[in-house]
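As a plain string of letters, each chain reads:
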Amino acid sequence: MQDDVRVIIIKLCDRLHNMQSLTTFRPEKQKRISLDTLDIFVKIADRLCIGELKEQLEDLSFRYLYPDLYHDLKAQEQAALDSFEKSKKKILDLLQKKLPDSQRKAIYFRPQLTFPSEKHIPLNDAEVVYKVIVVSETETDCFLTLQSIHHLWSNIRGTFRDYITLQRSNGYQALETSVAMEEGLALKFVIQTPSMYEYSMKGVVLESFSPSAAGKKIKLPWIEHLKKIHQQTREKSDDYMTALENDILRGSIVIYIDQHRQIYLPPRSTALDAAFLQYGPEAYRLESITLDQKPVQFSHPLKDWQTIHFVLSNHNCIDFRWLKLVQTSYARSLIYEYLKTLSPQRQHTVAQEMLQLELTEMGSGYLEEISPKRQLEVAKKLACRSWSELLEGI
């Protein structure tokens, strides 16, 4: 799967076909399939930068998950589109007068309804975003276009994003900025070269199915991460899906290893997660970590654009307590792989120490205080024949 992205694309297209055929299913099944689509397939399409496919899957999912509210919101979207038509000609005239031909190879107006991406945000907080895509001939023209747009309208503070200098982990590139018009209308400008625009709509489909795609390797950082996850969870479908959702589909933050190398990790990752992603099993020898030239704990949470440095020892420094210091499924699986290499007696001791650590954190006393009878009851509840078998399972 990770070696041939075409397989993933075909599965996404198959899911789109399934979503387009949902009218024949019962409402319960429609909602179950739509929820699965929203949680997994929409995110995968986004990670592959297939904008057209992502938008269709997302729209169909909301249609079946929230049918009444969906139709109300689409009516609002249409009303907003009709209203926007009055401003559209004025915007286009201003851009044509201000921008030379090389800076406006094409201009697209894409007002669209955006649904909240976080589950705790009410769906009725969806809003219409007035997006204007300006296609400029070169990267230099893109930056000149940005300058001209900021001369025409006031930039809304905090909205500028430079994804040309540092592209997103899915390969997306653009300059993005939001401006305020005199009428109080907010516009989101997306400035791209022709190749950037085409990629933003079709993503890795361009690199996977074009005539020159034969033997070509897709170079997205999360694809390599996916390969590592696949190797660590081989023949464990539940573990694979958990790792996929936790480590790949949540989005990513960018961490610098040095001036020229960077890695992408899921939000809320720790410094120890970064070490495992960078070094794999070699991270067992991790001795210390510095973040932005300052020593930090292994459990230190990471933020975008930080620079991290690792010091490795000549011997293993790993401890079972590291399980408490990581957030990614990949790092956790590597720690468990190491624990499996210990002798049976040492594994038994580590399992007891792990249980005691949990009991201490819960304020539930000590293992020695649990009677043999109670131990057996707990073991059987967890489908184990004995306390020793329970410890081995840990």
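The residue count restarts for each chain, going from 1 along the sequence in the order it is written. Confidence filtering applies because this is a predicted model: local features only for residues at pLDDT of at least 70, side-chain atom pairs given and counted only at 80 or more, and all residues used for totals across whole chains, interfaces and linings. In computing side-chain values, all of the structure's heavy atoms are included and hydrogens and water are not.

Peer 1: Even after reading the chapter, I still don't get helix H10 (residues 271-279), so can you show me in this structure?
Peer 2: Every α-helix winds through 3.6 residues per turn, so residues three or four apart in the chain are directed the same way. Within H10, seven of the nine residues are buried, leaving the element largely enclosed by the surrounding structure. Here a strand is any run of E in DSSP of at least two residues, a helix any run of H or I of at least four, and the numbering for each starts at the N terminus. Residue Gly280 follows H10 closely and has a positive phi angle near 65°. Accessible area is worked out with a 1.4 Å probe on protein chains only. A residue is then buried under 20% of its type maximum, exposed over 50%, and partly exposed in between.

Peer 1: Explain the nonpolar core to me, please; I cannot follow it from the model alone.
Peer 2: Nonpolar side chains tend to gather and get buried jointly when the protein is soluble and globular. Buried residues of nine kinds, namely Ala, Val, Leu, Ile, Met, Phe, Trp, Tyr and Cys, make up a nonpolar core once their side-chain atoms join them within 4.5 Å. Among the nonpolar cores identified, the biggest contains 35 residues, and Phe276, Leu302 and Ile308 are the most heavily contacted of them. Counting residues per element, the ones that place at least two in this core are strand S8 (253-256), strand S9 (262-265), H10, strand S10 (286-291), strand S12 (306-312), helix H11 (329-339) and helix H12 (344-362). By size, the runner-up hydrophobic cluster in this structure holds 34 residues, among which are Leu12, Ile33, Ala106 and Met201.

Peer 1: Please explain the pattern of salt bridges as it appears in this structure.
Peer 2: Pairing of side chains with opposite charge becomes possible as their charged atoms draw close. In the sections that follow, a salt bridge refers to a side-chain nitrogen of Lys or Arg positioned within 4 Å of a carboxyl oxygen of Asp or Glu. Counted by the stated rule, this structure contains 15 salt bridges. Here Glu176 makes a salt bridge to Lys188, at a shortest N to O gap of 3.8 Å. With Glu176 in strand S6 (residues 175-180) and Lys188 in strand S7 (residues 186-192), the pair connects residues that are twelve residues apart, well separated along the chain. Under the relative-accessibility criterion, Glu176 is labelled buried at 11%. For Asp319, the salt bridge is made with Arg321, and the minimal N-O distance between the two is 3.1 Å. Given a relative accessible area of 28%, Asp319 falls into the partly exposed group. Note on Arg321: relative accessible area 44%, which makes it partly exposed.

Peer 1: What's the story with the confidence of the model for the protein in this structure? I'm lost.
Peer 2: Detailed reading of the predicted model is not advised wherever pLDDT is low. Residue-level confidence of the predictor, termed pLDDT, takes values from 0 up to 100. Overall, the prediction assigns the protein a mean pLDDT of 82, with 79% of residues at 70 or greater. The low-confidence segment residues 118-122 (pLDDT under 50) makes three contacts with residues lying over four places distant or belonging to another chain. Should any heavy atoms of two residues lie within 4.5 Å, those residues are counted as being in contact.

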